[in-house]
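Residue-level listing of the chains:
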Amino acid sequence: MDDTPETFESVIAGPRGSGVVPSDGPPLLSLRGITKSFGAVQALRHVDLDIPVGQVTALVGDNGAGKSTLIKTISGIWAPTSGTISWKGKEVHVHTPRDASDLGIATVYQDLALCDNLDIVQNMYLGRESTKGGILDEIEMEIATRKTLADLAVTTVKSVRQLVGSLSGGQRQSVAVARAVMRESELVILDEPTAALGVSQTAQVLELIKTLKSHGLGVIVISHNLSDVFEVADRLAVMYLGTLVNNGPIENYDTASAVELITTGSSSRVPGPGAMSN
Amino acid sequence: MSSDLTSEALPSGSVTTTSGLADGEAPKLDLALQFRKLWKGDSGLVPILVGLVILIIYFESRSSNFLTAQNLTNLMVQATVYMLLGMAEIWLLLLGEIDLSVGVTCALSGMVATILTDPQYHWSWFIALPLGVVTSMAVSGLYAFFVIKVRLPSFIVTLAGFLAVQGVLIYVVDKQKTGGSVSVQETVLYDLVGGNFTVLATWLFIIICIAVLAFMMIRSNERRIRNNLVAQPRLLLLFKLIGLVLVGLGLVWVFNTNRSNFLVLEGMPFAIPIDLAILAGGTFILTKTRAGRYIYAIGGNAEAARRSGIAVNRYRLFAFLATGFTVGVAGLLYASRLGGITDGVDNTLTLLSVGSAVIGGTSLFGGRGKMIHAVIGGIIIATIYNGMALLQMAASTEYIVTAAVLLAAVTIDSLARRGSTIVK
């Protein structure tokens, strides 16, 4: 925590927007100085961010602010150009999606990363099918899938042997989230989980997020919808042009200051993250 | 859960046969729905089978020689190479890839086996035949390198391969100085197509096949019913089993009738169990193992597969090698059936093999298809060629009719699926 900026100005103006959470134990995930360049374009600049256990961190920012780039770095789609990632206080190298999922990081992408030509059970277990003597154990997978969906109160699908391509947006989102949960992940990352969903389906997904939190998981939610953010998030992290400009408990923000941070990268009405440690 | 979601999920007269979530609710019997699924569903073979029956009725009405045991056995042997090459193609089609060289590569593998077993070299058949298969796998491995590592489209790589393999084939065959062709001297290689089971062995083989298949279908369905999972109604399964037995009896009749006018020629040609073994092996891998599951996933959404932690390239290589293996086996039967390999290969072979797969219902765009598709597609193509030969139609007509059937099959398939690609 030694590089926590001391002054208000340095937080707002400095390139190293700091999201370091002061707490007792090590955070679930902590990023230090994460930079990612694509050729000459710097998509992420020195991002420091801590993700605590059992809380929902909302990651907000305008299009192109670097939210998705950051998420993909955490989930092993690509490695950061520089910087370190620590998991429960230990530095780790996340180079492939497998590395991330082995740690317990599950990501539900905006494009959902489901295979339309496979059914729900096959998608839920994709990449970690249960087998008996090398042969897929369809019965066990089907039973577990039904149980997981029932636990999450996802009751709108008619059959778990339905092809995912036939599901509605909300159902697909539910399957994607259920899939993350079933893998006993400790950190679930949701990329725009409520985009393109109707009112009731959005409510259902937000309910799912609260369920995840109540199970003690860390959750990161990317969202453009601030009313959703203020409904489920415990912490807010704002990105602006590849920099993490502000970060703190949700109580420190209101819609107006959040919008100001998202659009301009600074707000006179929000204290710097170093100032509030409660 | 909000109420409008519930009502969306449960339309009136709700579909409970496939209800996977309603715990404690026994699956109800709804045969009409099951038959609709058979017709339209993702695995819907019914339209294709109906098409086959129409073709058979047409040819039988025009030529009384069509539905004879002799001709049907001949037809099945004709279909062998189409079926095997179609099954080879399906491994790649499932990934959204294609191999445009299977025709010449299969001739190459047949050539290797034919030349090595020639008295001039006198290699043992149990080394030479596998070497033929290995040759074809090596060609596929090379394609895999260019497609996976160099990231070239398989269309181009295998088109280049088609030319290169043809060149090698002509070079090696002409090098033998046997007049532009090499002929099969080894009895084992010749008997792959030319040899037959005894009548008794034919009976036993078909009875065992049906018994094993029926046992597996019933056991799997009963386990699903017992666990209250998505299962087919027992009555539907019974109909399927009756159909299976009828097909089996039909095959026994066809194979066990004496096909020769002068001597005794009866029993199932060895080619048939080879086809069935490749079909069973391919179907097993595709439906029961991780490798198969991943091949479907990669074909459906490669990025999703990658993000699920699947070693995408490893399974793509696997599919290429599976194609190579199947092409190699097809090559041995090809050489066996023609009695040798010439330096001029039938260039329609590759396209008809893709045609077999597609007529059967496999998608060219990846992610959808089954091994059985190539078998049925291969039989349809062989039926057309066989029937038109009996009617003594010109080659020009054969080409145009085959083209029409291919187009019709794909159109019907696409229209049938547009309504519902989904098990609802």
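Residues numbered from 1 in each chain as written. Chains lettered and ligands numbered in written order. Predicted model: local features only at pLDDT ≥ 70, side-chain atom pairs only at ≥ 80, totals over all residues.

It is worth spelling out unusual backbone geometry at this point. One non-glycine residue with positive phi stands out, namely H46 of chain A, at about 45 degrees. Look at R151 of chain B: it is not a glycine, yet its phi comes out positive at around 60 degrees. Of the residues examined, R151 of chain B has 7 C-beta atoms within 10 Å and is grouped as exposed. (Buried ≥ 20, exposed ≤ 12 C-beta atoms within 10 Å, placed from the backbone.)

Residues and elements named next belong to chain A. Within chain A, residue pLDDT values average 82, and 87% of them lie at 70 or more. Low confidence marks residues 1-18, where pLDDT is under 50. Its contacts with residues over four positions away, or in another chain, come to 34 contacts. In the predicted structure, residues 274-278 sits below a pLDDT of 50 and forms 11 contacts with residues beyond four places in sequence or in another chain. (pLDDT = per-residue confidence, 0-100. Contact = placed C-beta atoms within 7 Å.)

With 37 residues of chain B in contact, the opposing surface of chain A contributes 38 residues. Contributing elements (two or more residues each) for the side of chain B that touches chain A: α1 (3-9), α9 (199-226), α12 (290-300) and α13 (302-307) of chain B. In terms of residue count, α12 of chain B provides more of the side of chain B that touches chain A than any other element does, five residues in total. The class makeup of the residues in the side of chain B that touches chain A is 13 nonpolar, 12 polar and 12 charged. (Helix = DSSP H or I, 4+ residues; strand = E, 2+ residues; numbered from the N terminus. Nonpolar A, V, L, I, M, F, W, Y, C, P; charged D, E, K, R; others polar.)

All names here are of chain A. Annotation of chain A at the domain level lists domain 1 (8-104 + 185-275) and domain 2 (113-177). The gap between the C-alpha centroids of domain 1 and domain 2 is 28 Å. Residue-level contacts link nine residues of domain 1 with six residues of domain 2. Its residues assigned to classes, the side of domain 1 that touches domain 2 comprises five nonpolar, four polar and no charged. (Domains from an automatic or database assignment.)

For the α-helix, the turn length of 3.6 residues means that residues three or four positions removed from each other point alike. Residue and element names in this part refer to chain B. A rise of 1.5 Å per residue sets the reference length of helix α7 (residues 154-175), with its 22 residues, at 32 Å; its end C-alpha atoms lie 30 Å apart and thus fit the reference within 8%. S154, V157, T158, G161, F162, V165, Q166, L169 and V173 are the residues of α7 that are buried. Down the axis, α7 shows its buried residues gathered within 165 degrees of arc, on one side only. Of the exposed residues in α7, the ones pointing more than 90 degrees away from its buried face are I156, L163, G167, Y171 and K175. At its buried positions, α7 is contacted by α4 (69-95), α5 (102-116), α6 (125-149), β1 (181-183) and β2 (340-342). Where α7 terminates, the next one or two residues include K177, which has phi positive at roughly 50 degrees. (Expected span 1.5 Å × (residues − 1). Arc of directions from axis to C-beta.)

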